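Results of the structural survey
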Amino acid sequence: MNPVNERTFKGKPSSPKSITLLAIESSCDETSAAVIRDGKVLSNLIANQRVHEQYGGVVPELASRAHVQNIVPVVDQALQQAGVRKDELQAIAFTQSPGLIGSLLVGTCFAKAMATALHIPLIAVHHMKAHVLANCIDEPRPDFPFLCLTVSGGHTQIVRCDDYLQMEIIGQTIDDAAGEAFDKTAKLLGLPYPGGPLIDRYAQQGNPHRFNFPRPQVEGYDYSFSGLKTAILYFLKEQTAKDPSFVEHHLADICASVQQTIIDILMHKLIKAVEDTGIRQVCIAGGVSANKGLRKALQDEARQRGWQAYIPDFQYCTDNAGMIGYLAYHQYLAGQFADPAVVPSARGDWKMILS
Ligand code: KG4
Ligand code: ZN
């Protein structure tokens, strides 16, 4: 079987004046479809899966089933909202990796079927690279090279981006992701999944310096969040043993203090990376970049240190097909098409598609 990067599209990709793509994102628990014309997002539909809330985390089997249910209506609406007919599309892009394998399979199979039926090429997209380029979708755009702190439910990375298709991870978490630290803390506090947005909301009313949590010592630009999770667990056990209503009475201060700790850890390595590389175009991306405290911390740091800071529009922070289509557009221009035998990959080799 041919590997994905062999670019063996058998037909002839059209080279029209204007390039219109449909993009599909199904890596985790959001079913999303977007239409992109010449790098401009015409529509970006996102169906959230509420089914996981009661389980305190994403249930992979349920996520796959919800994608199967949502994908046709979401694609139809994305085309309708963009005012684009299927026969006007030049390629179908989809998230190939990383993600939950069952979820990725739904988007992959749907994209293959549609590309086959329409006799147009397929573009396989790396989800984490698309998060980075979410910063380039709207004005103001960062200049190359830029640094991007990508913080999501599964990843925490500092990426150096030299061009649309040229990126390198210079630091990453060695255990939990920042989003996981938010979600696991929320679970310990009895808040529903995903807890990140709720912690963000409660934190706004709390004192970020009320409680102290440890900051890990990790080499280089790497991160670690598993120690923080354990520290919070023991802290809550100890406090609720003394006062069973501790969480109820101090929820805002606990959320604000945990959020501040996560932000401090994230910013500390980002500042180090900017100082060492001298790259002062600095972006954030991924679901946690929706966090109000982190957005403010980046903007404050940028003002004080003379950086240019960029944050994607809210709709491009969490998982969305708009960012998949945006990267796919640049892959289209570079002639990077996927083999029809392409398979999704849960782990996702960073070099697989764009090296
Ligand atoms: O990028 P994303 O939508 O999905 C992944 O690729 O993982 O990120 C989801 C993560 C979840 O952990 C969620 O709790 C977190 O982003 N998140 C937030 C906020 N909004 C989403 N974390 C903190 N504050 C927020 N406002
Ligand atoms: Zn993501």
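Just above sits the structure.
Residues numbered from 1 in each chain as written. Chains lettered and ligands numbered in written order. Predicted model: local features only at pLDDT ≥ 70, side-chain atom pairs only at ≥ 80, totals over all residues. Heavy atoms only, no water.

Quick look at the sheet that holds strand β3 (residues 40-48)
- In spatial order, the strands read β3-β2-β1-β4-β5; together these five strands make up an open sheet with mixed pairing. Looking along the sheet, the strands with just one partner apiece sit at the ends: β3 and β5 (122-126). Averaged over all pairs of adjacent strands, the angle between their axes in this sheet comes to 20 degrees, without regard to strand direction.
- Where strand β4 (residues 91-97) meets β5, five bridges bridge the pair, whose relative direction is parallel. Paired with Thr-95 across the strands is Val-125, a residue of β5.
- Along the sheet, helix α2 (residues 101-118) makes contact with β1 (20-25), β4 and β5, crossing β4 at roughly 160 degrees. (Pairing = 2+ DSSP bridges. Helix = DSSP H or I, 4+ residues; strand = E, 2+ residues; numbered from the N terminus. Axes fitted to C-alpha atoms, helices over the stretch in contact; angles between N-to-C directions. Contact = heavy atoms within 4.5 Å.)

Details of unusual backbone geometry
- A cis geometry characterises the amide bond from Ser-97 onward to Pro-98, with omega recorded as -20 degrees.
- Within the fold, Pro-98 resides in the loop between β4 and α2.
- Omega for the peptide link from Phe-144 to Pro-145 comes to -5 degrees, which places this bond in the cis form.
- Inspection of the secondary structure puts Pro-145 in the loop between α3 (127-133) and β6 (146-151).
- Even without being glycine, His-119 reaches a positive phi, approximately 55 degrees.
- As for its placement among the helices and strands, His-119 is situated in the loop between α2 and β5.

Here we look at the coordination of the zinc ion (ligand 2)
- Coordination sphere of the zinc ion (ligand 2), protein contribution only: His-127 (NE2), His-131 (NE2) and Asp-319 (OD), at 2.1 Å.
- Coordination geometry of the zinc ion (ligand 2): the four donor atoms subtend angles of 92 to 149 degrees at the metal centre, consistent with an arrangement described as irregular.
- Along the chain, the residues donating to the zinc ion (ligand 2) are arranged with the sequence spacing H-x3-H-x187-D. Linking His-127 with His-131, this pair stays in helix α3, spanning four residues, or about one helical turn. For the residue pair His-127 and His-131, the accessibility class agrees, reading buried in each case. (Donors = N, O, S within 2.8 Å, 3.2 Å for Na, K, Ca; no water. Tetrahedral: all angles 85-135°; square planar, octahedral: opposite > 155°, others 65-115°. Buried < 20%, exposed > 50% of the residue type's maximum accessible area, 1.4 Å probe, protein only.)

Topic: the pattern of salt bridges
- Applying the stated rule across the entire model yields 14 salt bridges.
- A salt bridge links Arg-141 to Glu-139, with the shortest nitrogen-to-oxygen separation between them at 2.8 Å.
- With a relative accessible area of 32%, Arg-141 lands in the partly exposed category.
- Note on Glu-139: relative accessible area 64%, which makes it exposed.
- With a closest N to O distance of 2.9 Å, Arg-210 and Asp-253 form a salt bridge. Taken together, the positions of Arg-210 in the loop between α5 (196-203) and α6 (226-242) and Asp-253 in helix α7 (residues 246-277) put the pair 43 residues apart, joining distant regions of the chain.
- According to the relative accessible area criterion, Asp-253 is buried, its value standing at 16%. (Salt bridge = Lys/Arg side-chain N within 4 Å of Asp/Glu carboxyl O.)

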